[in-house]
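Below are the chains, spelled out letter by letter.
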Amino acid sequence: MATAVFHQALGTAQSHQHLQNSGSRLEFGHASLKLISKGFKVDIGLSRRGSYSSWKKKFGLIQASASQTSVVQPVSYPPNNSSDELRKKSSEAALILIRHGESLWNEKNLFTGCVDVPLTKKGVEEAIEAGKRISNIPVDMIYTSALIRAQMTAMLAMTQHRRKKVPIILHNENEQAREWSQIFSEDTKKQSIPVVTASQLNERMYGELQGLNKQETADRFGKEKVHEWRRSYDIPPPNGESLEMCAERAVAYFKDHIEPQLLSGKNVMIAAHGNSLRSIIMYLDKLTSQEVINLELSTGIPMLYILKGGKFIRRGSPAGPTEAGVYAYTRSLALYRQKLDDMLR
Ligand SMILES: O=C(O)[C@H](O)COP(=O)(O)O
């Protein structure tokens, strides 16, 4: 399947340009994601207990839409297929979300937004550690933002993958870039993973806060005001994007470009940012605008979702390459791991 995936994705890509609320709180702790709700608490981060499965929510219909401007082969479905039929037909696929590792401006506590800052040494290590955790999970396609910290994270993570396929960034910025980055060996293509970069997955644009120190800004404008800029849903920082505005573009991109790939059975990794990923998680987990404002993502901790029967099911964070972890009880993931074991024995 992975082979077909790459052919479809890269082959065409070369020719296209183309929770603290009233009842519950969701937070990513340092190494975990917690849902703290009236009456129960579930740790689905590093926990190997698997108790998160009790926290399955009902998900609504997922409408696949294929955009003609995608750099990757749009996945099209028979037009008269209903969403229900689509959901039943779609095979299982893994979706990995990773917030980039620590950047040089995270380290300095500066508002970063769309400023293109690289990872620190710690960020590099976080990305490698994240890669170890997902080293047994199939990855057919990678999406990153247009920013180097997300791209570094994706690339460094993939150095740890047991399948040893080579992630290759697709260059579709102009005809020459497409022409000059062609691959002429089918075998080599099969051993590669297309990496699509999209500015829609960029961090929220922080406006006039970009480059300012977070603590100094809080001292100057007041803690409450700065908290409102950072964590309200629909109040933008001065001349910047609110989370709602960021969600509009990030979720639209997810629905138009990434979800169709998942529905067609491709396993996808997204390396992006605190706020673009919060937006996508809001969509996947059907969080309210109240719930999403309390969702915090740690740098470099991968989150795993399984798309099955048209529903996204959060599986938590894979524990590590040597332990089965929470993902092992997905049959197809366990089989994939078994295949890797056999292949690399
Ligand atoms: O852009 C930034 O400064 C951070 O990556 C995200 O910042 P936040 O936690 O203030 O939203």
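An unreviewed UniProt entry annotates the protein as phosphoglycerate mutase (2,3-diphosphoglycerate-dependent) originating from Populus trichocarpa. Turning to the protein, the UniProt record has this under Sequence similarities (unreviewed entry): "Belongs to the phosphoglycerate mutase family. BPG-dependent PGAM subfamily."

Some remarks on the pairing of strand 7 (residues 192-197)
Counted residue by residue, strand 7 has five buried out of six residues, so it is predominantly covered. Relative to strand 7, strand 5 (residues 141-144) is paired through three bridges, and the arrangement is parallel. Looking across to strand 7, one finds that Ile-142 is bridged to Val-195. Note: strand 6 (residues 166-169) against strand 7, four bridges, orientation parallel. Paired with Ile-169 across the strands is Val-195, a residue of strand 7.

Things to note about the site of the ligand
Around the ligand, the neighbouring residues are Arg-99, Leu-110, Phe-111, Thr-112, Gly-113, Glu-203, Tyr-206, Lys-214, Arg-230, Arg-231 and Asn-275. Within the contact set of the ligand, an oxygen atom lies 3.5 Å away from a side-chain nitrogen or oxygen of Arg-99. In this structure, an oxygen atom belonging to the ligand sits 2.6 Å away from a side-chain N or O atom of Arg-230. Contact with the protein chains hides 95% of the accessible area of the ligand, taken as 320 Å² for the molecule alone. Residue classes in the shell around the ligand are distributed as three nonpolar, three polar and five charged.

Observations regarding the sheet that holds strand 9 (residues 303-308)
Taken in spatial order, the seven strands of this open sheet run 6-7-5-8-4-9-10, and their pairing is mixed. Two strands lie at the open edges of the sheet, namely strand 6 and strand 10 (311-316), each paired on one side alone. On average, each strand axis in the sheet is tilted by 25° relative to the strand beside it, whichever way the strands run.

Reading the values: rules and limits
Residues numbered from 1 in each chain as written. Predicted model: local features only at pLDDT ≥ 70, side-chain atom pairs only at ≥ 80, totals over all residues. Heavy atoms only, no water. UniProt positions renumbered as here; feature names shortened; annotations may be inferred. Buried < 20%, exposed > 50% of the residue type's maximum accessible area, 1.4 Å probe, protein only. Helix = DSSP H or I, 4+ residues; strand = E, 2+ residues; numbered from the N terminus. Pairing = 2+ DSSP bridges. Near = heavy atom within 4 Å. Polar contact = N/O pair within 3.5 Å; in protein donor to acceptor, adjacent residues only side chain to side chain. Areas by Shrake-Rupley, 256 points an atom, 1.4 Å probe, with all protein chains shown as cover. Nonpolar A, V, L, I, M, F, W, Y, C, P; charged D, E, K, R; others polar. Axes fitted to C-alpha atoms, helices over the stretch in contact; angles between N-to-C directions.

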